[in-house]
Every structure is written in C-alpha cells, then in structure tokens.
Amino acid sequence: EALSQPLLPLYYGWFLTHESGHHLKSLCNKFLKVMKELSEDKKHVEEFSLKSGEKPIDFETFHHEGPLHCTTKYCDYGSAEGASEYSEKKAVKDNYGAAFKLAIEALFITPRTLGARVKLTKDQLLLWPEDDEEQCNASLPFGSRAHITLGVAPGVQDVQTGIDLLEMVSMMQKGDKCEMVSEVSEGKLSYFRQDRWMLELNKKEEVKSVFSGYYS
Ligand code: A2P
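Every residue gets a number counted from 1 within its own chain, in the order that chain's sequence is written. With the structure being a predicted model, the display of local features is reserved for residues of pLDDT at least 70 and the display and counting of side-chain atom pairs for 80 or more, all residues being used for whole-chain, interface and lining totals. Based on all heavy atoms of the structure, the side-chain values leave hydrogens and waters out of the count.

Colleague: Hey, could you run me through the overall build of the protein chain in this one?
Modeller: Tallying secondary structure elements over the protein chain gives six helices and 10 strands in all. Whether two residues are in contact is decided by their heavy atoms, any of which lying within 4.5 Å being enough. If you take every contact in the protein chain between residues at least 6 apart in sequence, the share linking residues at least 24 apart comes to 72%. Every accessible area reported is derived by Shrake-Rupley at a probe size of 1.4 Å, with residue values counting cover from the shown protein chains alone. As presented, the protein chain carries roughly 12000 Å² of accessible surface, and 50% of it is formed by carbon and sulfur atoms. Helix and strand definitions here come from DSSP, where helices need a minimum of 4 consecutive H or I residues and strands a minimum of 2 consecutive E residues; each element is numbered from the N-terminal end.

Right, here's the structure in full:
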C-alpha cells in the first residue's frame, strides 16, 4: 500500500555507475601516486611535506563508505532546512531516476579529505539547491561545492570534503594560491598552503550517473 506522506531521503544526488566509480577510483590512485613521487623529489620538499601538523598524512588511512555520488541536497530524512521544498521542485521530480554524464574537472586532497570537483552543466544546475549557505557567504558561483567524496581521514565526516573544496575555490577566485607547482601528464597541480592540493585535469573526465535519493 502506498504511503500518504512522501518519504524524504538522507540526501539527493547523482550516483555513479559501477563502471564509472571504478574508473574514478583508478584516476585517484594515479593522482596519489603522482603526489607521492613529487614528495620524494627534493625540489619540492617545502610544499610536499605531506604533514598535518607534525603528523605525516597517510592516504592509506583515508576511507569512504557507501556509494560514490555527488550530493545535491542533504535532507537528513526531512529534518534539514529546505528538504521538503527541494523534493517538491519540478526539476527534482522530472529527473528522478534519469541518467546523467558528470564532468570531473579536478581532483583535490587535503589532510582531511580526498575529492573530485564536478563541473555542472546548466541543466544539472537546475537540480542544485538554492540554499547553499556557505557558498553564498563566500559569494562563489552557484554549484561551486559540487564534488564527489572519495575518502576522508579517520574521524572526519564526509561533509568536510565540500567545505575543503569551497575554501580552495574561494582562494582561487582571489588569486590567492601558490603558483602551479608541477605540470604532470594528467594536468596542472596547484598548492594552496596547509597541505591542500588540486590537480586541474587537462581533459575533463566523464562519469555516468543516475539522479536519485539515498534512503538507508
Ligand atoms: P559529501 O557530499 O561531501 O560526500 P552523512 O553520511 O555524513 O550523513 O552524509 C551523507 C552525504 O550527505 C554525504 O555525501 C555528505 O557529504 C553529505 N552531507 C552531509 N551533511 C551535509 C551538509 N550539511 N551539507 C551538504 N552535504 C552534506
């Protein structure tokens, strides 16, 4: 029997297909390998200390649970502000279950998080929530937070990945980032102080996904 009230998910987002998830993970492993090689190259000792405070960052301890996805709206089963308004949006209803190609434009890593930056198209931005406060406060372009969390350090929550990305995007906008450090075959690698790095890909990687809600 159908419920009279709609059920709201933990979050809405684009969920990567099995194949695309696999592809993105192997891209990330290449990125980590490049980082490791550069850290062993004496030229860049300063930026590549790969330390968080006094502790070396160990990417091996980064982990991610659940399906790889790009969150649009965090709903917390309806408790989050704006959750039901979002679920009622025409674009959300019309696109529920539809397949999308997402463009990955960069990979980034900090002592806390490892993520992929997603460049949303105009159509995809119709599914982006209007009430992203941090993004508004930093007056960043709509959809700046779009990302896929690939890993977080022990004790760190997934939500941190978007916060780390917004900080880096904000620094990029102000022209406040360390010079490009290295041109590797995959793209341009930039350093942002405090052990934060972004690899802007020469060629955007496309991943396949389905727009849906996550209910468990
Ligand atoms: P992200 O989108 O960076 O991966 P959790 O398991 O912690 O409840 O989170 C479920 C998903 O919702 C994760 O994908 C997480 O981060 C995202 N998320 C959690 N809290 C928020 C929030 N306050 N704003 C936006 N996204 C959130």
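Now that the structure has been shown, we can carry on.
Colleague: Looking at this structure, I do not really get the site of the ligand. What am I missing?
Modeller: Lining the immediate environment of the ligand, one finds Leu10, Tyr11, His69, Thr71, Tyr74, His147, Thr149, Asp158 and Val159. Any pair of N or O atoms that falls within 3.5 Å is considered a polar contact. Within protein, one atom must be able to donate a hydrogen and the other to accept it, and sequence-neighbouring residues count only if both atoms are side-chain atoms. Here an oxygen atom of the ligand sits 2.6 Å away from a polar atom, N or O, in the side chain of His69. Residue Asp158 places a main-chain N or O atom 2.9 Å away from an oxygen atom belonging to the ligand. Calculation on the ligand without its partners gives an accessible area of 540 Å², and the protein chains cover 72% of this total. Mapped by element, the contributors of at least two residues to the shell around the ligand are β4 (69–74) and β7 (147–152). Per-element tally for the shell around the ligand: the top contributor is β4, with three residues. Ten residues, namely Ala, Val, Leu, Ile, Met, Phe, Trp, Tyr, Cys and Pro, are considered nonpolar, four, namely Asp, Glu, Lys and Arg, are considered charged, and the remaining ones, Gly among them, are considered polar. Classifying every residue of the shell around the ligand gives four nonpolar, four polar and one charged. By convention in these notes, a residue is near a molecule or strand provided one of its non-hydrogen atoms lies within 4 Å of it.

Colleague: Explanation requested: the side chain of Arg117 in the structure shown.
Modeller: Examined against the element boundaries, Arg117 turns out to sit in strand β6 (residues 113–119). Relative accessible area decides the class of each residue, using a 1.4 Å probe on protein chains only: under 20% of the type maximum gives buried, over 50% gives exposed, and in between gives partly exposed. Residue classification places Arg117 among the buried positions, given a relative accessible area of 16%. Those residues in contact with Arg117 that lie beyond four places of it in its chain are Ala103, Ile104, Glu105, Ala106, Phe108, Ser144, Ala146, His147, Leu165, Val169 and Met172.

Colleague: Quick question: what am I supposed to make of helix α6 (residues 160–173) here?
Modeller: For an α-helix, 3.6 residues make a turn, and residues three or four places apart therefore share a direction. Helix length check: α6 (14 residues) gives 20 Å between terminal C-alpha atoms against 20 Å at 1.5 Å per residue, within 8%. Among the residues of α6, those classed as buried are Thr161, Gly162, Asp164, Leu165, Leu166, Met168, Val169, Ser170 and Met171. Taken from the residues just after α6, Gly175 is the one with a positive phi, measuring 70°. Here the expected span of a helix is defined as 1.5 Å times the quantity of residues minus one.

Colleague: Hey, could you run me through the packing of aromatic side chains in this one?
Modeller: Two numbers describe a pair of aromatic rings. These are the distance of the centres and the angle of the planes. Centres within 6.5 Å make a pair out of two Phe, Tyr or Trp rings, where for Trp the six-membered ring is used; the pair is then stacked when the planes are under 30 degrees apart, edge-to-face when over 60, and tilted otherwise. Considering all chains together, one arrives at 11 aromatic pairs under this definition. Judged by centre distance (6.3 Å) and plane angle (25°), the ring pair of Phe15 and Tyr214 falls under stacked. Highlighted residues: Phe15 in strand β1 (residues 11–16) and Tyr214 in strand β10 (residues 197–214), separated in sequence by 199 residues. Exposure remark for Tyr214: the relative accessible area of 23% places this residue in the partly exposed category. Here Tyr191 and Trp197 contribute two aromatic rings whose centre-to-centre distance is 4.6 Å and whose plane-to-plane angle is 45°, an arrangement assigned as tilted. Accessibility classification places Tyr191 together with Trp197 in one group, the buried group.

Colleague: So what exactly am I meant to see when it comes to the environment of Asp158 here?
Modeller: Looking at the secondary structure, you find Asp158 in the loop between β7 and α6. Expressed as a C-alpha distance, the spacing of Asp158 and Ala2, which sit 156 residues apart in the sequence, is 33 Å. For Asp158, the contacting residues outside a window of four places in its chain are His64, Thr149 and Val152.

Colleague: Even after reading the chapter, I still don't get the confidence of the model for the protein chain, so can you show me in this structure?
Modeller: pLDDT gives the predictor's per-residue confidence on a scale running from 0 to 100. Per-residue pLDDT for the protein chain averages 90, and the proportion of residues at 70 or more is 89%. In the predicted assembly, ipTM is 0.97 and pTM is 0.94.

Colleague: Looking at this structure, I do not really get unusual backbone geometry. What am I missing?
Modeller: Comment: phi is negative for the bulk of residues other than glycine, and the bulk of peptide bonds are trans. One non-glycine residue, Arg193, adopts positive backbone phi at about 65°. Take Arg193: it is sitting in the loop between β9 (187–191) and β10. Looking at Arg193, the relative accessible area reads 43%, which means it is partly exposed. The backbone of Gln194 shows a phi angle near 50°, a positive value even though the residue is not glycine.

Colleague: Sorry if this is basic, but what is going on with the environment of Gly162 here?
Modeller: Looking at where Gly162 falls in the secondary structure, it is placed in helix α6. Along the chain, Gly162 and Ile148 lie 14 residues apart, while their C-alpha atoms are 8.6 Å from each other. Among all residues touching Gly162, those that are not within four sequence positions of it are Arg145 and His147.

Colleague: Is there a simple way to explain the environment of Val152 in this structure?
Modeller: Turning to its location among the elements, Val152 is positioned in strand β7. Along the backbone, Val152 and Gly78 are 74 residues apart, and their C-alpha atoms lie at a distance of 25 Å. Residue contacts for Val152: discarding those within four places in its chain leaves Thr61, Phe62, His63, Arg112, Thr113, Gln157, Asp158 and Thr161.

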